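What follows is the residue order along each chain.
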Amino acid sequence: MAKKITYNKIDENLYEIPEDFEKGMNVPARFYASRNTLGIITNDNSLNQLINVAKLPGIIKYALAMPDIHQGYGFPIGGVAAFDYDGGLISPGGVGYDINCGVRLLKSNLQKEEVQNHIKDLTSMIYYSCPTGTGKGACVNVSEKELRKILQNGAGWAVKNNYGDSRDLDYIEDNGQLTADDSYVSKRAIERGKYQVGSLGSGNHFLEIGYVESIYNRKLAQIYGVRENDVVVQIHCGSRGFGHQVCTDYLKKLSSYINKNNINLPDRQLVYASIHSEEGKGYFNAMNAAANYAFNNRQVLTHYVRRSFEKSLKVLKKPVHLDLIYDITHNIAKIESHTINGKKKKLIVHRKGATRAFGPNHEAIPDKYKNSGQPILVPGSMGTYSYLLAGTEKAMQDTFGSSCHGAGRTMSRTQARKSFGANKLILQLSKKDIHLQAKSKKGVSEEAPGAYKNVNDVVNILNSSGLVEKVARLRPMAVIKG
DNA sequence: ATGTCC
């Protein structure tokens, strides 16, 4: 029987497991929660995983968990951990299997009323032009030579090949490209990647047409370019089988590194390497290649969504366009500079199921948004609200500039399948005027809103903690799922 | 998350 976790309340929605709670912890573990979510969070293994993360060498300040925390592979999902760059710890478990899984938000020049009557045709056209579900299927099949260009250039590949506009690149985190040497990617990953360029995937991935339901901050909404009733599109997906294979490959390689160097781990799933070692350098480069794969994936899908809007809404007899508001990643480790005890320090920041949330005037934010902090996209569970938020200076100080990534699961996929029937869920959505087009009933059950926390609660925890500014809330009209 | 076991 594991020992009961004790923690101190250090702010209204912030709790801390002290460094002396368990032998081996190098820093305290902090998590954001409300009275409502506390019972859910302590119900799974996620806080034990967070304590294990606090035991890793070179961790800075504290192991952090966002309010959407739940257990994952090694590190909890909804976790943030920053390591000293000189020590160089990098860990695949701190990134996740779906490397650079992320969300992008597009805004159309159309109003809810204009799209409402055509929603089923539009959804269907997108559904058949954007492959969904597990396995093969892609908007475009590429040769190994072209794939390697994608792995190096990210979303720039799509733009160069006419899947988008060069302006899109300004509104993607890191401009849709991280530095990557693709020679560190396995042959098997290459094989899997060739046939999935421009595909949605399954699980919690989705494509959603919705509208801006309410505005919380007019000034920030104006800067981001959203108004009430604007029709928007969210695309949530990642690096597909390619990223999965990279993760699998390097968990194995780094496991050998751990054995070779006689390193004791609090959990076998927490394998890591120094980024300065050959193994660590290999993972960092392969991870970045997978990140580029995902950036490009979302860009190619965007192109097909745009074409579907144009074709399907010809009846409106007006030009239809979709502008990219922002594209964020919530599964990545990045080298960033942060102020620690008054001094700038180079860190390796792992965000797993956590979104970057840089505050105003950060150099990484596009000029147009410079004064407002970066846009943060928090999709809710299927058929519920999603949020557009802005990063704050407080997030820079308290969470290495990080926020949550969604509502966060409250039960396993297996448990959700047993608890919720797909047909009933589809009916419930339709009563709310939300049209669902899904590849598998199993997938629908697994993604039942009842298997997730309430996204409103999760966002309010971060908002009341000062980590994010609420900008707008989005309501779905139609959802496409794998 | 994932050709849910190469």
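Okay, so let's go over this structure.

So, how was this worked out
Residues numbered from 1 in each chain as written. Chains lettered and ligands numbered in written order. Predicted model: local features only at pLDDT ≥ 70, side-chain atom pairs only at ≥ 80, totals over all residues. Heavy atoms only, no water. Phe/Tyr/Trp six-rings, centres within 6.5 Å; stacked < 30°, edge-to-face > 60°. Helix = DSSP H or I, 4+ residues; strand = E, 2+ residues; numbered from the N terminus. Buried < 20%, exposed > 50% of the residue type's maximum accessible area, 1.4 Å probe, protein only. Contact = heavy atoms within 4.5 Å. Near = heavy atom within 4 Å. Polar contact = N/O pair within 3.5 Å; in protein donor to acceptor, adjacent residues only side chain to side chain. Nonpolar A, V, L, I, M, F, W, Y, C, P; charged D, E, K, R; others polar.

### Some thoughts on the packing of aromatic side chains
- Tallied over the entire structure, the rule returns 14 aromatic pairs.
- With a centroid separation of 6.4 Å and an interplanar angle of 65 degrees, the aromatic rings of tyrosine 62 and phenylalanine 400 are classed as edge-to-face. Pair noted here: tyrosine 62 is in the loop between helix H2 (46-53) and strand S4 (63-70) and phenylalanine 400 is in the loop between helix H11 (393-398) and strand S17 (402-404), with a separation of 338 residues, a long-range link.
- Judged by relative accessible area, which is 2%, phenylalanine 400 ranks as buried.
- Residues tyrosine 224 and tyrosine 369 carry aromatic rings whose centres are separated by 4.9 Å and whose planes lie at 80 degrees to one another, so their mutual orientation is edge-to-face. A residue pair is termed long-range when its members are at least 10 positions apart, and tyrosine 224 in helix H8 (residues 218-224) and tyrosine 369 in the loop between strand S14 (354-356) and strand S15 (375-378) qualify at 145 residues.

### Details of helix H4 (residues 119-129)
- Listing the buried residues of H4 in full gives Ile119, Leu122, Thr123, Ile126, Tyr127 and Ser129.
- Residues of H4 that are buried sit in contact with helix H3 (112-116), strand S8 (206-215), helix H10 (278-312), strand S18 (435-438) and strand S19 (468-481).

### Structural notes on the protein's contact with DNA strand B
- Close to DNA strand B lie 16 residues; Arg192, Gly203, Asn204, Arg240 and Arg413 are nearest.
- Atoms of DNA strand B within 4 Å of the protein belong to the sugar or the phosphate in 58% of instances, the rest to bases.
- Within the backbone of serine 202, a nitrogen or oxygen atom sits 2.9 Å from a phosphate oxygen of DNA strand B.
- Here a phosphate oxygen of DNA strand B and a side-chain polar atom of arginine 413 are 2.2 Å apart.
- Every element with two or more residues in the surface near DNA strand B is listed here: helix H7 (187-193) and helix H9 (240-260).
- With 3 residues, H9 is the single largest residue contributor to the surface near DNA strand B.
- Across the surface near DNA strand B, the residue classes break down as 1 nonpolar, 9 polar and 6 charged.

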